[in-house]
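One letter stands for each residue in the lines below.
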Amino acid sequence: MSEAIIAQKGPHAFAVEAGKKYAWCACGRSKKQPFCDGSHKVTALRPVVFTAETSEAVYLCGCKRSAGRPLCDGTHETV
């Protein structure tokens, strides 16, 4: 099982804090969307870990198909 599940067909709006580390769920199986809860362990997929450079609102990919992971690039409009 290596294909990501679509968690939602749209982005997750979230306020990140500068300097804080986040683990975005890449598999779509997490119960804590859009963040990882370890559910990926049954797949070959791994979360995308990132550190916020600034405190701001971001739109994290919900469809798990964005080329700009973890950020939404509008791909959800075609899935």
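Above this text is the structure in question.
Residues numbered from 1 in each chain as written. Predicted model: local features only at pLDDT ≥ 70, side-chain atom pairs only at ≥ 80, totals over all residues. Heavy atoms only, no water.

Colleague: Explain the side chain of Arg29 to me, please; I cannot follow it from the model alone.
Modeller: Looking at the element boundaries, Arg29 is found in the loop between strand 2 (21–24) and strand 3 (48–51). Buried and unpaired, Arg29 has Glu3 as its nearest opposite-charge partner, separated by 8.2 Å. (Helix = DSSP H or I, 4+ residues; strand = E, 2+ residues; numbered from the N terminus. Buried < 20%, exposed > 50% of the residue type's maximum accessible area, 1.4 Å probe, protein only. Lys, Arg positive; Asp, Glu negative; His and termini not counted. Salt bridge = Lys/Arg side-chain N within 4 Å of Asp/Glu carboxyl O.)

Colleague: Help me understand the packing of aromatic side chains in this model?
Modeller: The relative placement of two aromatic rings is captured by the distance of their centres and the angle of their planes. Using the criterion set out here, one finds four aromatic pairs in the structure. Between Phe14 and Phe35, the aromatic rings sit 4.8 Å apart at their centres with planes inclined by 70°, giving edge-to-face as the arrangement. Taken together, the residues span a long stretch of sequence, with Phe14 in strand 1 (residues 12–16) and Phe35 in the loop between strand 2 and strand 3 at a distance of 21 residues. On the basis of relative accessibility, which here comes to 16%, the residue Phe35 falls in the buried class. These aromatic residues form a ring-pair network of at least three members: Phe14, Tyr22, Phe35 and Phe50. (Phe/Tyr/Trp six-rings, centres within 6.5 Å; stacked < 30°, edge-to-face > 60°.)

Colleague: I would appreciate a short explanation of the side chain of His76 in the present structure.
Modeller: Relative to the assigned elements, His76 resides in the segment after strand 4 (56–60). The class of His76 is buried, set by a relative accessible area of 16%. Apart from residues no more than four positions distant in its own chain, His76 is found in contact with Lys9, Gly10, Pro11 and Cys63. (Contact = heavy atoms within 4.5 Å.)

Colleague: Hey, could you run me through the nonpolar core in this one?
Modeller: In summary, soluble globular proteins display a tendency toward joint burial of nonpolar side chains. Ranked by size, the top nonpolar core spans twelve residues in total: Val16, Tyr22, Trp24, Ala26, Phe35, Val48, Phe50, Ala52, Val58, Leu60, Cys61 and Cys63. Mapped by element, the contributors of at least two residues to this core are strand 2, strand 3 and strand 4. In contact with Trp24, other than residues within four places in its own chain, are Pro34, Phe35, Cys36, Pro47, Val48, Phe50, Leu60, Cys61, Lys64, Arg69 and Pro70. (Core = buried A, V, L, I, M, F, W, Y, C linked by side-chain atoms within 4.5 Å.)

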